[in-house]
Each structure stands twice: as C-alpha cells, then as structure tokens.
Amino acid sequence: MPPKPPAPQALRPSTVLTHAARRPAQHHGMVNTPIYRGSTILSSTLQEWENRKTPDNPYASYCRFGTPTTAALEEMVAEVEGGYGSIVLPSGLAACTHAILALVRTGDHVLICDSVYGPVRAFAEAVLARFGIEAEFYDPGVGADIARLLCPRTRVVYVEAPGSGTFEMQDIPAIAQQARQAGAFVVMDNTWATPLYFKPFVHGVDVSIQAGTKYLVGHSDAILGVATANERAWPLLRKGVQDFGQTIGPDDVFLAMRGMRTLALRLRQHWETGLRLAHLLSGHPLVERVMHPALPDDPGHALWRRDFTGASGLFAIALRPMPREALAAFFDTLQLFGIGLSWGGYESLVLPMDTPRRNTRAWPMQGPLVRIHAGLEDADDLAADLMRGLEAADQTLRTGTGPGSGLVVPRTIDCIEEQA
Ligand SMILES: *Cc1c(COP(=O)(O)O)cnc(C)c1O
C-alpha cells in the first residue's frame, strides 16, 4: 500500500494552494482541472440516471449545480478556509447576500457591523426590510457587549474585519461566542485577509465569504464570490443558494483557480508593499491618519496581532481638509495608481471615498478619505509616485488656486454607488 498522505490540516497554506483539488487521473493527466462547459449531463440507463440524482450527489445531475470545474474551485476554497463546504456565486456581493438569505426568515433580526461593505448595508435596508427581516447596525468595537444586542429573534451576526474602507477591527472570537450562545449564526466577510491571513472557522465563524473578484482571481479579469460554511451551516447555505438558481460560467471559475495557485506569493508582496506605503504616508504632513491595522498605533492593532497572521495590500488614508483643486492635484499627478473600483489585482489603485455612513456614531474625520491598494509594482516606485502626488497637492495649497476653491466636504454616499 502506498504511504498515506499527511492530513490536509498538517500542510501549510501555500502547499494546500498548490495541491488542492487536482485530479490529473480524471482529466487525461492534465495538471489543472479543465474548463468543462455544459448544461446537460447524459445518462445511458435508467439506473445511471437514478444514481445521479441521489441527494448527496447533486452536482452530477445538471450543470446548474456545478461541473468538475466549479467543484474543483469549491474544494480548493473550502480546504484553505478550513470549512466543510463551499459554493461559488456570480459575484462577491451575491455571496454576501445569499449567505444571509440562506439563514433568515421573516420576523428574524440580523446584526450587521456598522463598518460593513456598503452594498450589503443597501441590501439590508432594501431587501431584508422588504421581507420583514430587521437589520440593526452595531459598533464594530462592540466585542462581547454584542450580548446586549442579541435577542431570541437574532438569527445572523454579520461581521467584517477590518471594515470596508475604514479598516476598524472587531473582536471576532468574543462576538462569535456570544452569538453562538444566543443561537445565532456568524457570517463573516473575510475578503481583506483571505483565508491565508485569517482562519474564520477557528475563530467561531459559521459562514465565510470571499469576494473572489479581489485576491483569489488576483488579476482584475473576473467577478465571482465564494461562500464557505462549517458543517452546521452548510446544508442551509447550499440549499439557500441553489433554490435561487445561482450559477456561474466555467471560464471565470478557471481564472479564480489559476489566481489562487499564486495567492500566497502575491499576498506576501501586497502586504509588504502596503505596509511600507502606510508607514511612509503616516509621516506626511498632509496625512491626518492612516487606517491600517498592521500599523502599531492603529486602534485595531492588538486584535490584528492576536487573530491575524498577515495583512493584505488594502488600506486608507484621511487627508487633512483641503480644497478640491489640491485633492485633484494629488490624484491627477499619480502615474502608477489608477483611480478605480475593486482591488486585489496586481495593479495599484486609489479611490476617493465619500464620508462613510454610520448608524452608531458619526464618522469623526473631516478631510477627504482615499483608499489605496498596493499592487505588485516595485515598492520604491509606488512610494515615489505617492510622494509626487502629495507634493503636487501641497504645491496647489501653497500657491492658492482659482476662485471658489472651498474645502472639500465629502458627501454622504448613496449605498448603491458605494463600493469598497
Ligand atoms: C468588493 C467587495 C465585495 C463584493 O465583491 P464583488 O465581486 O465586487 O461583488 C464584498 N465584500 C468586500 C469586502 C469587497 O471589497
């Protein structure tokens, strides 16, 4: 008998990412699971048809339930997240919304962190409200005091750490412990850290979401999401998603798998470059605050150190209040950072952000917020580019600008537009 392979838990993440979900013997020796296109799966006998339709074999009867291509990505994500089962969805947002929908019914109460990804807030306020599900937003710093907000109707506690665009950390184990005692499920958006830098199921989460569009795909060339559940939540999640008929074409799934093979390597570089830029910016006179939990003076640093094993390349800065012309000079001078939504690709991005919406307490800072994604360019080149941008803003401030240049007052955004 060949030696038994070591248990998957014993392998480090980069090894898992390299070896997960590969079955060359089933695909003519191909290293990668090929792109299977299909709708119909043929059976040649009645017995074969009946066998395909057994409840534990839903994938093999019709391609809306998946193909060997989607199953390979799902296996890969489940393994690296440390969950029981994963399901792929057509976008990151679809993964967020379906994870909630799969668990709730009319009359339920859902607790959502106030620092949540904007479109999830919009979904809660529009769709959940329409179905009679009450969404309440909580301060991300709540910790074990979440107990005071939990009630017998609370079905889901939705966490995201660090928060979208503003990077507040949360005490996830403390929140999860209270939620579990109250009989609620904990759903987490784990896109920022990826499963490489935060292990959701070890920290008490029941459903973990990846906006695969970001680091899993990693090249800004596909949109998809993945939701992963522990054994308790898995039957509800799978059925909840499949009842809506959600499915995804195989090309994007293939791109996500291809991206994931290099995830560990890419993330290390995003982390290193991002933190370097964050340090550099925190010393600049035009920068009021840098929001990055891996910075030692960040309010969330202790939680980050305790629970996370790394940081990604996404963080934000609050600039000092300045006229629009100065802000425009900053953005327009940048050559290596494009202005754009999404993140997690190989390329560096900046994004002007509007004042974050908050239910629990007003956003404290006055100046413009800029979200920064550190890409895979040389860190020295990126640093120089940012410094040139700030220098241009400073120049504009000094020389004064055209008439009517008041301070930039960031407007509060409509959630439908808001992207983080
Ligand atoms: C981008 C993003 C999403 C949504 O992903 P899409 O693929 O764009 O729908 C969800 N959560 C977070 C934290 C994100 O940054």
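Predicted model, so just to flag it, every value in this text is computed and none were measured.

The rules behind the values
Residues numbered from 1 in each chain as written. Predicted model: local features only at pLDDT ≥ 70, side-chain atom pairs only at ≥ 80, totals over all residues. Heavy atoms only, no water. Pairing = 2+ DSSP bridges. Helix = DSSP H or I, 4+ residues; strand = E, 2+ residues; numbered from the N terminus. Contact = heavy atoms within 4.5 Å. Axes fitted to C-alpha atoms, helices over the stretch in contact; angles between N-to-C directions. Core = buried A, V, L, I, M, F, W, Y, C linked by side-chain atoms within 4.5 Å. Buried < 20%, exposed > 50% of the residue type's maximum accessible area, 1.4 Å probe, protein only. Domains from an automatic or database assignment. Phe/Tyr/Trp six-rings, centres within 6.5 Å; stacked < 30°, edge-to-face > 60°. Lys NZ or Arg CZ within 6 Å of the ring centre and 35° of its normal. Parallel < 35°, antiparallel > 145°, perpendicular 65-115°, else oblique. Left-handed = near helix turned anticlockwise from the far one by under 90°. Nonpolar A, V, L, I, M, F, W, Y, C, P; charged D, E, K, R; others polar. 1 Å grid on protein atoms, 1.4 Å probe; cavity = no way out; pocket = protein on both sides within 12 Å on 5 of 7 lines; lining within 4 Å. Points joined across faces, edges and corners; volume = space filled by probe spheres on them. Salt bridge = Lys/Arg side-chain N within 4 Å of Asp/Glu carboxyl O.

If you walk across this open sheet you meet the 5 strands as β8-β9-β12-β11-β10, and the pairing is mixed. Since the sheet does not close on itself, it has two edges, and those belong to β8 (287-291) and β10 (338-339), each with one partner. Judged from the 5 bridges that link them, strand β9 (residues 314-319) and strand β12 (residues 369-373) form a sheet pairing that is antiparallel. Across the sheet, residue Ala316 finds its bridge partner in β12, namely Arg371. Each of β9, β10, β11 (349-353) and β12 is contacted by helix α12 (residues 324-333), which is oriented at about 160 degrees to β11, the strand it contacts most.

So, on to the nonpolar core. Formed by 122 residues in total, the largest nonpolar core has its most connected members in Val157, Tyr158 and Leu237. With 7 residues, helix α10 (residues 263-282) is the single largest residue contributor to this core. In this structure, this core is formed jointly by two domains, domain 1 (13-261) and domain 2 (263-417), each of which donates at least three residues. Not counting the four nearest positions on each side in its chain, Val157 is found in contact with Leu111, Tyr138, Ile146, Leu150, Ile175, Ala179, Ala184, Phe185, Val186 and Val187.

Taken as a whole, this structure holds 5 aromatic pairs when the rule is applied. An aromatic cluster of at least three residues, connected via ring pairs, comprises Trp192, Phe198 and Phe308. The ring of Phe65 has Arg64 lying over it, and the distance from NZ or CZ to the ring centre is 5.3 Å.

The next thing to look at is the packing of helix α4 (residues 92-101) against helix α5 (residues 118-130). Orientation of α4 relative to α5, taken along the N-to-C sense of each, is 45 degrees, at an axis distance of 10 Å. In terms of orientation, α4 lies oblique with respect to α5. Classified by chirality, the crossing of α5 by α4 is right-handed. Packed against α4, whose contacting residues are Leu93, Cys96, Thr97, Ile100 and Leu101, the element α5 presents Pro119, Val120, Phe123 and Leu128 at the interface. For the contact of α4 with α5, the class distribution of residues is 8 nonpolar, 1 polar and no charged.

Right, let's talk about empty space enclosed by the protein for a bit. In this structure the tally under the stated criterion is 1 cavity of 30 Å³ or more. If you trace the largest cavity, you find 14 residues lining it, with Arg64, Phe65, Glu74, Val88 and Gln246 closest to the centre. Every element with two or more residues in the lining of the largest cavity is listed here: α3 (68-81), β1 (85-89) and α8 (234-242). When its residues are assigned to classes, the lining of the largest cavity shows 7 nonpolar, 5 polar and 2 charged.

Moving on, we get to the pattern of salt bridges. Under the criterion given, the structure shown has 18 salt bridges. Residue Arg153 pairs with Glu134 through a salt bridge whose shortest N-O separation is 2.9 Å. Residue Arg153 is located in the loop between β3 (134-138) and β4 (154-160), and its partner Glu134 is located in strand β3; the two are separated by 19 residues in the primary sequence. Judged by relative accessible area, which is 39%, Arg153 ranks as partly exposed.

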